[in-house]
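Topology and contacts: notes
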Amino acid sequence: MTSEQTWLQQKLQAVDRQAFQNDLQSWYMENHRDLPWRQTKDPYRVWVSEIMLQQTRVDTVIPYYENFMKKFPTMEVLAEAPEDEVLKAWEGLGYYSRVRNLQEAVQEVVANYKAEVPKDRKVFRKLKGVGPYTSGAVISIAFDQEEPAVDGNVMRVFSRICNIDEDIGKEKTKQLFEQVQAQFLEGAKPSIFNQAIMELGALICTPKSPGCLLCPVQNHCLARAEGKEEDLPVKSKKKAPSKKTLSVAVVQDDAGRVLLRKRPDQGLLAGMWEFPHVESSSENLMNDASSMLLKDHDVSAEIVGEIQYVEHTFTHLIWKMHVHRATVREAPVPSETEVWVTLDEAALYALPVSQQKILRHLKGE
DNA sequence: GAACCGTGGGC
DNA sequence: TGCCCAAGGTT
């Protein structure tokens with residue numbers, strides 16, 4: 001046995017896992033929220049909910065989930081749907097590759113697995129967008145298999161219960177917590193237990209000001225016993241986002257229509273629509289917008305001036321957008337990645353929030 | 001392993 | 001205001 005395993009065994013021996021299971025699962029049965037995706041064990045629905053919930057709050061997800069399941073009630077429907085329609089249903093949720101990966105994965109399930117979600121975790125794990133957490137979550141929740149599913153909640157709860165101060169930002173630490181959760185799962189009801197840990201993390205064992213006095217497992221918590229619950233989990237700080245100055249062009253033709261373009265299908269905001277823009281130094285905004293329009297869109301436009309300044313912050317990036325109005329007499333014939341649309345029609349395209357800010361400003365003028 | 005990939009809420 | 005945070009995955 002390695003020293004690391006010995007260390008882990010000592011941590012685990014300090015907690016009565018049997019009693020922990022009973023207390024946690026009983027609490028969950030009495031107190032869990034009645035969320036839309038908990039009204040079913042349909043693995044497709046559980047899958048969709050898990051993808052939506054990645055790095056996203058429950059309250060944000062609920063309306064998206066309801067709408068998405070109405071539009072794409074089965075894997076067959078989602079597999080056949082146009083990608084633009086799928087992206088539109090995700091508009092505003094962020095991390096858009098999630099839904100493009102989901103559709104691709106569903107298409108594979110329909111084509112190669114008789115439209116049935118694989119019950120083998122390792123098989124399911126191979127699908128696009130299905131990682132270590134999502135594979136364990138769907139398999140344990142929908143099929144009631146004893147599989148760990150380590151997310152932020154699980155690491156927070158178990159770091160406190162077992163008094164573990166490893167940095168939860170490290171990959172190695174996530175694997176450590178998979179072992180911890182696997183130990184706690186033995187003899188449990190996997191679907192109930194895994195959801196209960198996450199529910200506890202969401203409602204009681206919160207990042208700040210945890211509600212220890214209401215906690216059903218407070219008597220099992222090593223961090224609580226030492227008054228260290230506020231100091232765990234340990235998480236290293238993220239680096240500050242970098243900044244980009246963008247020159248944006250709202251080009252309007254004589255008919256009042258504006259030019260939108262589709263972003264490439266890789267990278268930031270992949271497949272979403274936007275007003276044409278180019279990275280620019282703050283001194284050459286007008287010139288840079290003008291030459292971008294000519295080079296990328298064959299548009300010879302007169303830039304009138306700046307009509308709006310917007311900042312938009314992503315996780316790792318800040319866009320400082322200088323928005324200019326430009327006019328053309330006659331719009332050129334658009335390519336596949338370009339459209340000329342009225343401001344009302346623009347709302348039918350999947351636009352990231354940064355572009356919605358611009359559109360709203362234009363409509364308000 | 002570290003960087004990339006969105007957004008909105010809470011303090 | 002600025003920062004942290006939220007049921008992660010891919011490259």
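Chain A appears in an unreviewed UniProt entry as Adenine DNA glycosylase from Salsuginibacillus halophilus. Recorded under Catalytic activity (unreviewed entry), the UniProt text for chain A is reproduced unchanged: "Hydrolyzes free adenine bases from 7,8-dihydro-8-oxoguanine:adenine mismatched double-stranded DNA, leaving an apurinic site." Recorded in UniProt under Function (unreviewed entry), the annotation for chain A is "Adenine glycosylase active on G-A mispairs. MutY also corrects error-prone DNA synthesis past GO lesions which are due to the oxidatively damaged form of guanine: 7,8-dihydro-8-oxoguanine (8-oxo-dGTP)."

**Some thoughts on the protein's contact with DNA strand C**
For DNA strand C, the set of nearby residues contains 24 residues, the closest of which are Gln55, Thr134, Asp151, Asn153 and Pro207. Per the 4 Å cut-off to the protein, sugar and phosphate atoms form 64% of the nearby atoms of DNA strand C. Arg38 has a polar side-chain atom sitting 3.1 Å from a base nitrogen of DNA strand C. At 3.5 Å from a phosphate oxygen of DNA strand C is found a main-chain nitrogen or oxygen belonging to Pro132. Among the residues forming the surface near DNA strand C, the class breakdown is 9 nonpolar, 7 polar and 8 charged.

**With respect to the protein's contact with DNA strand B**
In the vicinity of DNA strand B there are 21 residues, among which Arg57, Leu269, His312, Thr315 and His316 approach most closely. At a separation of 3.1 Å, a base nitrogen of DNA strand B approaches a polar backbone atom of Gln55. Tyr96 is positioned such that a nitrogen or oxygen atom in its backbone is 2.8 Å from a phosphate oxygen of DNA strand B. For the surface near DNA strand B, the per-class residue count stands at 8 nonpolar, 9 polar and 4 charged.

**Concerning the UniProt feature "domain: HhH-GPD" (unreviewed entry) in chain A**
Mapped onto this numbering, the UniProt entry gives "domain: HhH-GPD" (unreviewed entry) at residues 52-203. For the annotated span residues 52-203, helix accounts for 66% and strand for 0% of the residues, and the straight-line distance between the end C-alpha atoms is 19 Å.

**So, unusual backbone geometry**
Between Leu232 and the following residue, Pro233, the backbone shows a cis peptide bond with an omega angle of 0°. Here Pro233 is to be found in the loop between α13 (222-225) and β1 (242-252). Positive phi outside glycine occurs at Lys114, with the angle close to 55°. If you check the backbone angles, Ala115 has positive phi at about 60° while not being a glycine. Of note, Ala115 is situated in the loop between α7 (97-112) and α8 (121-125).

**Notes on the pairing of β1**
Walk down a regular strand and you will see the side chains alternate between the two sheet faces. With 8 of 11 residues buried, β1 lies mostly within the body of the structure. Strand direction decides the pairing type here: β1 and strand β6 (residues 317-327), joined by 11 bridges, are parallel. Residue pairing for β6: Ser247 is matched across the bridge by His322. Pairing of β1 with strand β4 (residues 277-279), which is carried by 3 bridges, proceeds in the antiparallel orientation. Across the sheet, Ser247 pairs through a bridge with Val278, a residue of β4.

**What about the domain arrangement of chain A?**
When cut into domains, chain A gives domain 1 (3-226) and domain 2 (242-363). Inter-centroid distance (C-alpha atoms) of domain 1 to domain 2 is 38 Å. The junction of domain 1 with domain 2 conceals about 850 Å² of combined surface from both sides, 51% of it contributed by carbon and sulfur atoms. Where domain 1 touches domain 2, the interface holds 1 salt bridge. Residue Lys262 is joined to Asp84 by a salt bridge in which the shortest nitrogen-to-oxygen separation is 3.0 Å. Broken down by element, the side of domain 1 that touches domain 2 gets its largest block of residues, 3 residues, from helix α6 (residues 83-90).

**Comments concerning the side chain of Asn194**
Mapping Asn194 onto the fold places it in helix α12 (residues 190-203). Within the local environment of Asn194, its side chain forms a polar contact with the side chain of Ser140, the two groups lying 3.0 Å apart. Here the side chain of Asn194 touches Gln181 through a polar contact of 2.9 Å, side chain to side chain. Sequence-distant contacts of Asn194, that is, excluding residues within four places in its chain, are made with Ser140, Glu147, Ala149, Gln181 and Leu185.

**Side note on the environment of Leu35**
Topologically, Leu35 is positioned in the loop between α2 (17-31) and α3 (43-52). The class for Leu35 is buried, based on a relative accessible area of 6%. Distance from Leu35 to Lys243, taken between C-alpha atoms, is 38 Å for residues 208 residues apart in sequence.

Thresholds applied
- Residues numbered from 1 in each chain as written.
- Chains lettered and ligands numbered in written order.
- Predicted model: local features only at pLDDT ≥ 70, side-chain atom pairs only at ≥ 80, totals over all residues.
- Heavy atoms only, no water.
- UniProt positions renumbered as here; feature names shortened; annotations may be inferred.
- Near = heavy atom within 4 Å.
- Polar contact = N/O pair within 3.5 Å; in protein donor to acceptor, adjacent residues only side chain to side chain.
- Nonpolar A, V, L, I, M, F, W, Y, C, P; charged D, E, K, R; others polar.
- Helix = DSSP H or I, 4+ residues; strand = E, 2+ residues; numbered from the N terminus.
- Buried < 20%, exposed > 50% of the residue type's maximum accessible area, 1.4 Å probe, protein only.
- Pairing = 2+ DSSP bridges.
- Domains from an automatic or database assignment.
- Buried area = accessible area lost by both parts, 1.4 Å probe.
- Salt bridge = Lys/Arg side-chain N within 4 Å of Asp/Glu carboxyl O.
- Contact = heavy atoms within 4.5 Å.

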